[in-house]
Amino acid sequence: MPSVYNWQLGRTMEYPYEETHPRWQFAFVFNINRCIACQTCTMACKSTWTFSRGQEYMYWNNVESKPFGGYPHNWDAKLLNMLEAANPGGQRWSGAGDKSSEAPLGTFNGKTIFEAVDKHYDETGPKRALGYLPTDEEWTSPNIHEETAIGDMWRDRTWGGSTQLPEHKVWFFYLQRLCNHCTYPGCLAACPRGAIYKRPEDGVVLIDQKRCQGYRKCVEACPYKKAMYRPTTGTSEKCVACYPRLEGKDPRLSPNGEPIETRCMTSCPGRIRLQGLVPITDDGKWQADRWNPLYYLVRERKIALPLYPQFGTEPNGYYIPPRWVPRPYLTQMFGPGVQDAINQYACPDRELLNVLQLFRTTQQIIFRYEVIEGEKVAEIEVTMPDGTRKTQEIFNDTVIGFNKFNIECVRTTVEEPTYERPAALHVNSI
Ligand code: SF4
Ligand code: SF4
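Just so it is clear, the structure is predicted and the values come from calculations on it, not from any experiment.

**A closer look at the packing of aromatic side chains**
Describing an aromatic ring pair means giving the distance of the ring centres and the angle of the ring planes.
Inference 1: Summed over the entire model, instances satisfying the criterion amount to 26 aromatic pairs.
Inference 2: An angle of 70° between the planes, with centres 5.3 Å apart, marks the rings of Tyr71 and Trp139 as edge-to-face. In this pair, Tyr71 is assigned in the loop between strand S4 (62–66) and helix H2 (75–86) and Trp139 in the loop between strand S8 (125–126) and strand S9 (173–177), connecting sequence segments 68 residues apart. Each of the two residues, Tyr71 as well as Trp139, counts as buried.
Inference 3: Aromatic side chains Trp75 and Tyr308 sit 5.8 Å apart centroid to centroid with 85° between the ring planes, which places their arrangement in the edge-to-face category. Of this pair, Trp75 sits in helix H2 while Tyr308 sits in the loop between strand S15 (305–306) and strand S16 (317–320), and the two are 233 residues apart along the sequence. Tyr308 carries the same exposure label as Trp75, and that label is buried.
Inference 4: By the ring-pair criterion, three or more aromatic residues cluster together here, those being Phe26, Phe28, Phe30, Tyr319 and Phe334.
Inference 5: Directly above the ring of Trp7 sits Arg299, whose terminal nitrogen or CZ lies 3.9 Å from the centroid.
Inference 6: Just above the ring of Phe395 sits the side chain of Arg350; from NZ or CZ to the centre is 3.7 Å.

Shown next, in the form of structure tokens:
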């Protein structure tokens, strides 16, 4: 099997195909701390793409409550157990990660889904990735166990200590999920028809509906279970990253061809989402560009981390982990960079605070940002996750986002502007 470089694992790994890379890569950052689980994103996607017969249980975007929720049920626990069974005790990371190196998150020494599979033949050829096919029942109740917490509140009969940072005793959190348009997709690796492809212009992973024969190998091999089978057409379908919007083809939104964020991103009232396109070098690296907000958050600051990087697909969705959740749970989910990311988020410095303001401020994709420094407006004492105290200075800076054509598309300040209504009597009216 060819060997490819996976920067999230800090090492090369086996993959069925040689490395080829797109010129740009669709990517996104979700700030879990801000999500209110309103499911607006879920319905924005569903009402756009999956409202027809045979798609009743198909949610390309979903928001599930962890640790118990999952769509399909227990998708992650099942695969993690399979990986552990294939490599007992060996699914471990080493090294703290050197931020400036090509192994910034440390090195994963265990087996990925491509390395752990027993490469035996089945009816369609050699197996390419470890996975399983969920049952029909596992696709039902997409928001099962919504807001069901875990913890020891009944053991000591106290409630008061349960909501103390750095880790709540009783906790749950929302996990927002869609196809990660992976660099090394499991779905693409497993398809015996060669029906799945990754677009060279933006890294979006698509299923050619004419070539697909509905073998469901992609459903089995996608570790995130984001390829789904549609019985009415006998084919598999998946998130298409709203590619007409990425291409700037909607004349109402992009009169001059400006790339627009996907429906799930632009509809988010919690302002947790920032989507972008990152330039990729010929040898597959993220091109260093610290003024691209995605590059800044993921590669420069490492405050946003990949979901289950150990699966090995190099997913292009990144998460700012929730502050209140026990670290061992977060570390098995986002890798060893969790504590560093939370430390940065707990007391963001001046530039980070500016970039965090850009989330969900414009429908256009931001390719570059700029900061105009403002005056100091506050100084607050922050308790850090390790219990130490830190002083945070707040400056009312202005952050400006620019679109693909280097034209300003958003301008906002750190302090939200407030307006005081005049004292005159206002009668409510419609
Ligand atoms: S729309 Fe935003 S806040 Fe609402 S559930 Fe989706 S990600 Fe969370
Ligand atoms: S998340 Fe799944 S469906 Fe999407 S590209 Fe990765 S392997 Fe394929």
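**Let's talk about the pattern of salt bridges**
Inference 1: Following the criterion strictly, the structure yields 23 salt bridges and no others.
Inference 2: A salt bridge links Lys66 to Asp76; the shortest N-O distance between them is 3.1 Å. Of the two residues, Lys66 sits in strand S4 while Asp76 sits in helix H2, which places them 10 residues apart along the sequence.
Inference 3: Overall, Asp76 belongs to the buried group, its relative accessible area being 6%.
Inference 4: Lys217 is the partner of Glu220 in a salt bridge, and the nearest nitrogen-oxygen pair spans 3.6 Å. Here the residue Glu220 and the residue Lys217 both occupy positions in helix H4 (residues 217–221), the gap between them amounting to three residues, near one helical turn.
Inference 5: Overall, the relative accessible area of 14% leaves Glu220 in the buried class.
Inference 6: Here the salt bridges share partners, and the residues they tie into one network are Arg199, Glu201, Asp202, Glu247 and Lys249.

**Some words on the packing of helix H8 (residues 327–334) against helix H9 (residues 338–346)**
Inference 1: Their axes nearest at 9 Å, the elements H8 and H9 cross at an angle of 110°. Relative to H9, the element H8 is oriented roughly perpendicular. Of H9, the residues touching H8 (which contributes Arg327, Leu330, Thr331 and Phe334) are Val338, Gln339 and Ile342.
Inference 2: In terms of residue class, the contact of H8 with H9 is made up of four nonpolar, two polar and one charged.

**So, the site of ligand 2**
Inference 1: Around ligand 2 sit Cys179, Asn180, His181, Cys182, Pro185, Gly186, Cys187, Val205, Cys222, Tyr224, Lys226 and Lys238, and that is every residue in its neighbourhood.
Inference 2: Here the shell around ligand 2 is built from residues that sort into seven nonpolar, three polar and two charged.

**With respect to the sheet that holds S15**
Inference 1: Taken together, four strands build an open sheet; the order of strands is S14-S3-S16-S15 and the sheet is mixed. Across the chains shown, the open sheet's two edge strands, defined by having one partner strand only, are strand S14 (273–279) and S15.
Inference 2: Direction of pairing for strand S3 (residues 24–31) relative to S16: parallel, over a ladder of four bridges. Each residue of the ladder has a partner; that of Phe30, found in S16, is Tyr319.

**Topic: the site of ligand 1**
Inference 1: Around ligand 1 lies a shell of 14 residues, among which Cys35, Cys38, Gln39, Cys41 and Cys268 are the nearest.
Inference 2: Partitioned by chemical class, the residues of the shell around ligand 1 number nine nonpolar, four polar and one charged.

**A few points about the side chain of Asp250**
Inference 1: Residue placement: Asp250 occurs in the loop between helix H5 (243–246) and helix H6 (263–266).
Inference 2: Exposure remark for Asp250: the relative accessible area of 14% places this residue in the buried category.
Inference 3: Within the local environment of Asp250, its side chain forms a polar contact with the side chain of Arg252, the two groups lying 2.8 Å apart.

**What about the environment of Phe359?**
Inference 1: In this fold, Phe359 is placed in the loop between helix H10 (350–356) and strand S17 (368–372).
Inference 2: For the pair Phe359 and Cys212, spaced 147 residues apart in sequence, the C-alpha separation works out to 36 Å.
Inference 3: When residues no more than four places from it in sequence are discounted, the contact partners of Phe359 are Val29, Asn31, Arg34, Arg271, Ile272, Arg273, Leu274, Leu297 and Ile320.

Conventions adopted
- Residues numbered from 1 in each chain as written.
- Chains lettered and ligands numbered in written order.
- Predicted model: local features only at pLDDT ≥ 70, side-chain atom pairs only at ≥ 80, totals over all residues.
- Heavy atoms only, no water.
- Phe/Tyr/Trp six-rings, centres within 6.5 Å; stacked < 30°, edge-to-face > 60°.
- Helix = DSSP H or I, 4+ residues; strand = E, 2+ residues; numbered from the N terminus.
- Buried < 20%, exposed > 50% of the residue type's maximum accessible area, 1.4 Å probe, protein only.
- Lys NZ or Arg CZ within 6 Å of the ring centre and 35° of its normal.
- Salt bridge = Lys/Arg side-chain N within 4 Å of Asp/Glu carboxyl O.
- Axes fitted to C-alpha atoms, helices over the stretch in contact; angles between N-to-C directions.
- Parallel < 35°, antiparallel > 145°, perpendicular 65-115°, else oblique.
- Contact = heavy atoms within 4.5 Å.
- Nonpolar A, V, L, I, M, F, W, Y, C, P; charged D, E, K, R; others polar.
- Near = heavy atom within 4 Å.
- Pairing = 2+ DSSP bridges.
- Polar contact = N/O pair within 3.5 Å; in protein donor to acceptor, adjacent residues only side chain to side chain.

Coordinates in, geometry out; function isn't part of it.
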